[in-house]
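One-letter residues, chain by chain:
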Amino acid sequence: MIRFAILGAGGLGKGMARVVQHKSEFQLVAMADSQGYCYDAEGLRLETIEPLATVANYPECGIPSAQAIMDLLKTHGDSIDAIFMALPNLPVEFFASTVRQILGETPFKGVFVDALKRTQAVEHLLAMDDVIEQSGTLYITGAGATPGFLTTVAAVAAQSFVEVESVDVHFGVGISCWESYKATIREDLIHLEGFDVEKVANMSDEAVEEELNRRNGLIELKGMEHADDIILELAGVCSRDRVTVGGLVDTRHAKKPVSTTVTVTGRTVSGVTGSHQFVLSDETTMVDNVCGPALGFLLRGIQMHRKGIRGLVTSADLMPLYSLEGSRQPASAVS
Ligand code: NAD
């Protein structure tokens, strides 16, 4: 069993707790949020987690703490194999500084996976490649829906072309209550005209609610600073200026306002221009398309880590694995 911890217990953290129940390789042993953590080596119960305002209130093993991540991993880091980072990324260095602290001060030596969205956030992590490698851990960044699922689709679709002219991601997200995904919505607001990180960080929940009311609950996003660009550039698909990301988020209805697509346009070997387009099912939610792929990338990371691979990789460096069972044995074991 892969002993699994989720850092962050908001919309995506709890969503991951639901999704991981369907993967027999994993046992969810720990969760942390801004008010505390819970750890049970025998496994946490989904029905107990779901209604909690904070995981610090988990019966029997919930512990209140203002430094929940560090307290959890200092105490139990050597009993955890894999971590999903479901934390807000405001300010943009938050993930990099948290990971630096985990590597420096706790015994955790496993695999991290995140669903980071912003280019600058991934750049901060890339600068830590050596530190991550020396710590004996493997870190997979940009492994949510976009970047992650859609970036990988684009990297595969690009293979039909001798030159990739553009990659365009356009997402549709529907959520019935913005407060279930506060970090996601706040990070989206940063991309709107007249907003920046500092302004959004200083907005109260009431001010966010007012802004959403002014927009009838809809956030239209264009030309986002999204790490799909750097990830596709690092994978050698195309330069980052050829990648565009935008979308429409409805914060009042669970139904997607538009379908999510990724379109890859390129020149073929015969010299003509063509486009591949991949459309996500409208029935799939943000949780399906972030948490499912993040677990798939994590499984691949676990396989790599077991073979001794350390350091930082992006989602476009990997093909996610659906399950460890049935995956091909290494050549040496086959004979
Ligand atoms: P949320 O606001 O619902 O939950 C955040 C959780 O983190 C809360 O439980 C909070 O208590 C906890 N937290 C905050 N600060 C903490 C700290 N210092 N220590 C411990 N816990 C802390 O957030 P969400 O909407 O679930 O989003 C989570 C992340 O997922 C965000 O970074 C968002 O950008 C990302 N995301 C990525 C994609 C993608 O496709 N790549 C899509 C959606 C969301």
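What counts, and at which threshold
Along every chain, residues carry numbers that run from 1 in the direction the sequence is written. Two thresholds apply to this predicted model, a pLDDT of at least 70 for residue-level local features and 80 or more for giving and counting side-chain atom pairs, whereas whole-chain, interface and lining totals are computed over all residues. Side-chain descriptors were evaluated using all non-hydrogen atoms of the structure, hydrogens and water having been removed beforehand. Definition of nearness: a residue and a molecule or strand are near each other if at least one heavy atom of the residue lies within 4 Å of the molecule or strand. The term polar contact refers here to a pair of N or O atoms within 3.5 Å; inside protein, the definition further demands a hydrogen-donor-capable atom paired with an acceptor-capable atom, and it admits residues adjacent in sequence only when both atoms are side-chain atoms. Surface accessibility in these figures is a Shrake-Rupley result with a 1.4 Å probe; residues are shielded only by whichever protein chains are displayed. For salt bridges, the criterion is a side-chain nitrogen of Lys or Arg within 4 Å of an Asp or Glu carboxyl oxygen. Secondary structure is summarised from DSSP: a helix means a run of H or I of at least four residues, a strand means a run of E of at least two, and numbering begins at the N terminus for each. Burial status follows relative accessibility: with a 1.4 Å probe on protein chains alone, a residue under 20% of its type maximum counts as buried, one over 50% as exposed, and anything between as partly exposed. Any pair of residues with heavy atoms lying within 4.5 Å of one another is described as a contacting pair. What makes a nonpolar core is a set of buried Ala, Val, Leu, Ile, Met, Phe, Trp, Tyr and Cys residues whose side-chain atoms join them at distances within 4.5 Å. Pairing between two strands requires that DSSP report at least two bridges joining them. To obtain each axis, a line is fitted to C-alpha atoms, and for helices this fit is confined to the stretch in contact; angles are then taken between N-to-C directions over 0 to 180 degrees. Our angle categories are set so that under 35 degrees counts as roughly parallel, over 145 as roughly antiparallel, 65 to 115 as roughly perpendicular, and the remainder as oblique. Crossing handedness is defined as follows: a turn of the near helix away from the far one that is anticlockwise and smaller than a right angle gives a left-handed crossing, while the clockwise case is right-handed. The path from the first strand over the helix to the second decides the hand: if it runs clockwise while the strands point away from the viewer, the crossover is right-handed. Pairing of aromatic rings covers Phe, Tyr and Trp, the last counted by its six-membered ring, and requires centre-to-centre distances within 6.5 Å; plane angles under 30 degrees mean stacked, over 60 mean edge-to-face, and any other angle means tilted. Distance and angle both matter: a charge sits over a ring if NZ of Lys or CZ of Arg is within 6 Å of the ring centre and within 35 degrees of the ring normal.

Enquirer: Which parts of the structure should I look at to understand the site of the ligand?
Expert: In the vicinity of the ligand, 28 residues are found, and the nearest of them are Ala9, Leu12, Leu87, Thr184 and Glu187. One nitrogen or oxygen atom from the main chain of Gly11 is found 3.0 Å from an oxygen atom belonging to the ligand. The separation between an oxygen atom of the ligand and a polar main-chain atom of Ser180 is 3.4 Å. Taken by itself the ligand offers 870 Å² of open surface, and the protein chains cover 86% of this.

Enquirer: For this particular structure, what's the right way to read the pattern of salt bridges?
Expert: Side chains that carry opposite charge are capable of pairing whenever their charged atoms lie near each other. The final tally for this structure, using the stated rule, is 13 salt bridges. Here Lys74 makes a salt bridge to Glu105, at a shortest N to O gap of 3.6 Å. Of this pair, Lys74 sits in helix H3 (residues 68–76) while Glu105 is found in helix H4 (residues 94–105), placing the two residues 31 residues apart along the sequence. According to the relative accessible area criterion, Glu105 is partly exposed, its value standing at 42%. Measuring nitrogen to oxygen at the nearest pair gives 2.7 Å for the salt bridge that ties Arg215 to Glu211. A relative accessible area of 25% means that Arg215 is categorised as partly exposed. The exposure class assigned to Glu211 is buried, which follows from its relative accessible area of 9%.

Enquirer: Whenever I open this one, helix H7 (residues 149–157) confuses me. Can you help?
Expert: Taken across its 9 residues, H7 has 7 buried, putting it largely inside the fold. Leu150, Thr151, Thr152, Val153, Ala154, Ala155 and Ala157 are the residues of H7 that are buried. Residues of H7 that are buried in the fold lie against strand S8 (163–174), helix H11 (228–234), strand S11 (261–267), strand S12 (273–279) and helix H12 (286–306).

Enquirer: Sorry, what's going on with the environment of Ala115 here?
Expert: Residue placement: Ala115 occurs in the loop between strand S6 (111–114) and helix H5 (119–126). Along the sequence, Ala115 and Ser315 sit 200 residues apart, while their C-alpha atoms lie 9.7 Å from each other. Not counting the four nearest positions on each side in its chain, Ala115 is found in contact with Phe84, Met85, Ala143, Gly144 and Val290.

Enquirer: Looking at this structure, I do not really get the nonpolar core. What am I missing?
Expert: Side chains of a nonpolar character, in soluble globular proteins, are inclined to be buried together. In this structure, Phe4, Ile6, Phe26, Leu28, Met31, Val167 and Leu298 are the most contacted members of the largest nonpolar core, which totals 79 residues. Among the elements that make up this core, the one with the highest residue count is H12 (11 residues). When residues no more than four places from it in sequence are discounted, the contact partners of Val167 are Ala154, Leu232, Cys238, Arg242, Val243, Thr244, Val262, Thr263 and Val264. Ala68, Ile69, Phe95 and Ala121 belong to the second largest nonpolar core, which has 36 residues in total.

Enquirer: Is there a simple way to think about the sheet that holds strand S3 (residues 36–39) in this case?
Expert: The strands that make up a sheet pair up through hydrogen bonds in the backbone, lying either parallel or antiparallel. The mixed open sheet is built from 8 strands, whose spatial order is S4-S3-S2-S1-S5-S6-S7-S13. The strands lining the two open edges of the sheet, one partner per strand, are strand S4 (62–64) and strand S13 (311–314). The average angle at which neighbouring strand axes cross in this sheet is 20°, direction not considered. Note: strand S7 (residues 138–141) against S13, 4 bridges, orientation parallel. Following the sheet pairing, Tyr139 is matched in S13 by Leu312.

Enquirer: Help me out: how do you make sense of helix H8 (residues 182–189) in this one?
Expert: Residues that lie three or four places apart on an α-helix share one face, since the helix turns once every 3.6 residues. Most of H8 is tucked away: 6 of the 8 residues are buried. Buried residues of H8: Thr184, Ile185, Arg186, Glu187, Asp188 and Leu189, and no others. Buried residues along H8 sit in contact with helix H9 (197–201), helix H10 (205–214), strand S9 (218–221), strand S10 (243–250) and H12.

Enquirer: Would you take a moment to explain the packing of H3 against H4 for this structure?
Expert: When two helices pack together, their arrangement is given by the angle between the helix axes and the distance between those axes. Here H3 crosses H4 at 25°, and the two axes come no closer than 10 Å. By the angle between their directions, the pair H3 and H4 is classed as roughly parallel. When the axes of H3 and H4 are compared, the crossing they make is right-handed. For the pair formed by H3 and H4, the contact residues are Ile69, Met70, Leu73 and Lys74 on the first element and Thr98, Gln101, Ile102 and Glu105 on the second.

Enquirer: I keep staring at the pairing of strand S2 (residues 26–33) and nothing clicks. Help me out?
Expert: Looking down a regular strand, the side chains alternate between one sheet face and the other. Most of S2 is tucked away, with 7 of its 8 residues classed as buried. Direction of pairing for strand S1 (residues 2–7) relative to S2: parallel, over a ladder of 6 bridges. In the strand pairing of S2, Ile2 is matched with Phe26. With respect to chirality, the unit in which S1 leads through helix H1 (residues 11–20) into the neighbouring parallel S2 is right-handed. Here S2 pairs with S3 via 4 bridges, running antiparallel. Bridging across to S3, Asp33 finds its partner in Gly36. Taking the residues that link successive antiparallel strands as the turn, the S2-S3 hairpin has 2 residues.

Enquirer: Please clarify how the packing of aromatic side chains should be interpreted in this entry.
Expert: Aromatic rings considered in pairs are described by the distance between their centres and by the relative angle of their planes. Tallying each qualifying case throughout the model produces 5 aromatic pairs. Three or more aromatic residues link up through ring pairs in this structure, and these residues are Phe108, Phe112 and Tyr139. The ring of Tyr322 is capped by Lys23, whose NZ or CZ atom sits 3.8 Å from the centre of that ring.

Structural measurements only, silent on function.
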